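Topology and contacts: notes
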Amino acid sequence: MTDRERDTPELDVDFARAHFPALADGWAFFENAGGSYVPRSVIERVTAYMTETQVQPGASYAPSAAAAERMVEGRQVIAQMINADADEMTVGPSTTANVYMLSHAIRPWFQPGDEVVVTDLDHEANNGAWRRLAEIGAVVKEWRVDPATAELDPAALEPLLGPRTRLVCAAHCSNITGAINDVAAIAQMVHAAGGLLFVDGVAFAPHRAIDVRALDVDFYAFSPYKVYGPHLGALFGKREHLIAAEGQNHYFFRADDVPDKIAPGYPNHELTAGLAGIADYFDQIHAHHFAAGANTFHERAADVFRLFAAHEERLAVRFADFLASDSRFRLIGRATGSAVARAPTFSFTVQGMKSAALPPRLEAAKVAIRNGDFYAIRLMGALGLDPSDGVVRASMVHYNSAEDVDRLIDGLEKALG
Ligand SMILES: Cc1ncc(COP(=O)(O)O)c(C=O)c1O
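This is a predicted model, so every value here is computed, not measured. (Residues numbered from 1 in each chain as written. Predicted model: local features only at pLDDT ≥ 70, side-chain atom pairs only at ≥ 80, totals over all residues. Heavy atoms only, no water.)

A short note on the packing of aromatic side chains
Evaluation of the coordinates by the stated rule reveals 23 aromatic pairs. Taking 6.3 Å as the distance between ring centres and 80° as the angle between the ring planes, the aromatic pair formed by Tyr228 and Phe308 counts as edge-to-face. With Tyr228 in the loop between strand S7 (219-222) and strand S8 (233-237) and Phe308 in helix H13 (residues 297-324), this residue pair connects regions lying 80 residues apart in the sequence. Here a set of aromatic residues connected by ring pairs shows up, and it is made of Phe20, Phe29, Tyr37, Tyr228, Tyr281, Phe282, Phe297, Phe305, Phe308 and Tyr399. Cation over ring: Arg342 sits above Phe346, and NZ or CZ is 3.9 Å from the ring centre. (Phe/Tyr/Trp six-rings, centres within 6.5 Å; stacked < 30°, edge-to-face > 60°. Helix = DSSP H or I, 4+ residues; strand = E, 2+ residues; numbered from the N terminus. Lys NZ or Arg CZ within 6 Å of the ring centre and 35° of its normal.)

Encoded structure:
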């Protein structure tokens, strides 16, 4: 443990909550895995862009130059957050769109018979586009979840890897179970077999620091709109891969014109500028909790995520204990609140009750939860669950308070009777 880690204080939740205007509405919000609220700083960045610089960026006149700078800053912020360089970071409308785009950009890398490994645990965003590589003769192999544990066992990946493995696509964290996979270990296995690793970090990114260099991933996707930012997708690719990939933009973008050659057209301007508001928020949290500054935004974000993780663990332990205390709940996946093992995303079914029946029963108490398949339809099938009814999901982030969790538990107790 480093000195910084040892000296991490407790998150001042009230201070964090005061940054989110939407929290004033009184709901105990547990739909965060669907999309998080945004702090005022993000709203202000978007508003400033639209008020002052809503022009075509990149010309010499002042508002246009400022518009370009604001967009660059937004992309830099999310690149620094995950320890990437800005030219390795593509911003697009969503992770789903980014994955489709990337799957087209790397199609030329596949000869008939080359293999792509996907899972049945993942959100469909990390499935459908890759499975469609079969259209060009790729062999699709499935790393299957263990139905007894709802886990992906790395031992089950090993036999799927071989000399024809080109790409493995797996999640850092499940959007259903919250289980965190050991991405660094998976990357080592995949690279040892000569393949590349694409990681869906959408369900991980709101909760823990990401270091794409330390993880040694080839591609990493996440969605800033679940990380307190605007509704966008962010895609990292190692520079050499982006250069080698087939550009999806106009023909006159050069092969080394990264990242611009990768995406067809530019992302939403004002929202890209708004990404910088995530750093404003993290820096406010950092300054409030840590006496000494940290040099880079990546380091400050890592400090802040340590605060988040410890707070989330306290909430998760409380909720995991509650679910375990009533045998009518079937928790999907790991029965732990440990911040190392899981994000505080909980999915469960209730004995004798449709999942769809539960969320409305908590609405009078202004507790927001939801049921469904959450686009992890293959996982529902693998676990023998009815995809049309799915699971009930309660997902927390750092701005949820202990009082929120008490209201959730109280609401569930009353709903079950
Ligand atoms: C784990 C996971 N991957 C991918 C996605 C898709 O992200 P987007 O909505 O940005 O396409 C989601 C969305 O809920 C998700 O939870």
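Topic: the packing of helix H4 (residues 62-81) against helix H12 (residues 276-289)
The contact between H4 and H12 brings their axes to 7 Å, and the two run at 55°. By the angle between their axes, H4 is oblique relative to H12. Mapping the contact onto sequence places Glu73, Gly74, Val77 and Met81 in H4 and Ala276, Ile278, Ala279 and Phe282 in H12. Looking at the contact of H4 with H12 residue by residue, the class counts come to six nonpolar, one polar and one charged. (Axes fitted to C-alpha atoms, helices over the stretch in contact; angles between N-to-C directions. Parallel < 35°, antiparallel > 145°, perpendicular 65-115°, else oblique. Contact = heavy atoms within 4.5 Å. Nonpolar A, V, L, I, M, F, W, Y, C, P; charged D, E, K, R; others polar.)

Digging into the pattern of salt bridges
One pass over the structure, following the stated rule, counts 28 salt bridges. With its nearest N and O atoms 2.7 Å apart, the salt bridge here joins Glu142 to Arg144. Look at Glu142 and you get partly exposed, because its relative accessible area is 23%. In this structure Arg144 comes out as exposed when scored by relative accessible area, which is 55%. With a closest N to O distance of 2.8 Å, Asp303 and Arg306 form a salt bridge. With Asp303 and Arg306 both in helix H13, this residue pair falls three residues apart, about one helical turn. Several salt bridges converge on common partners, so that one network encompasses Asp85, Asp87, Glu88, Arg213 and Arg239. (Salt bridge = Lys/Arg side-chain N within 4 Å of Asp/Glu carboxyl O. Buried < 20%, exposed > 50% of the residue type's maximum accessible area, 1.4 Å probe, protein only.)

Fair warning: the whole summary comes from geometry, so function is off the table for now.
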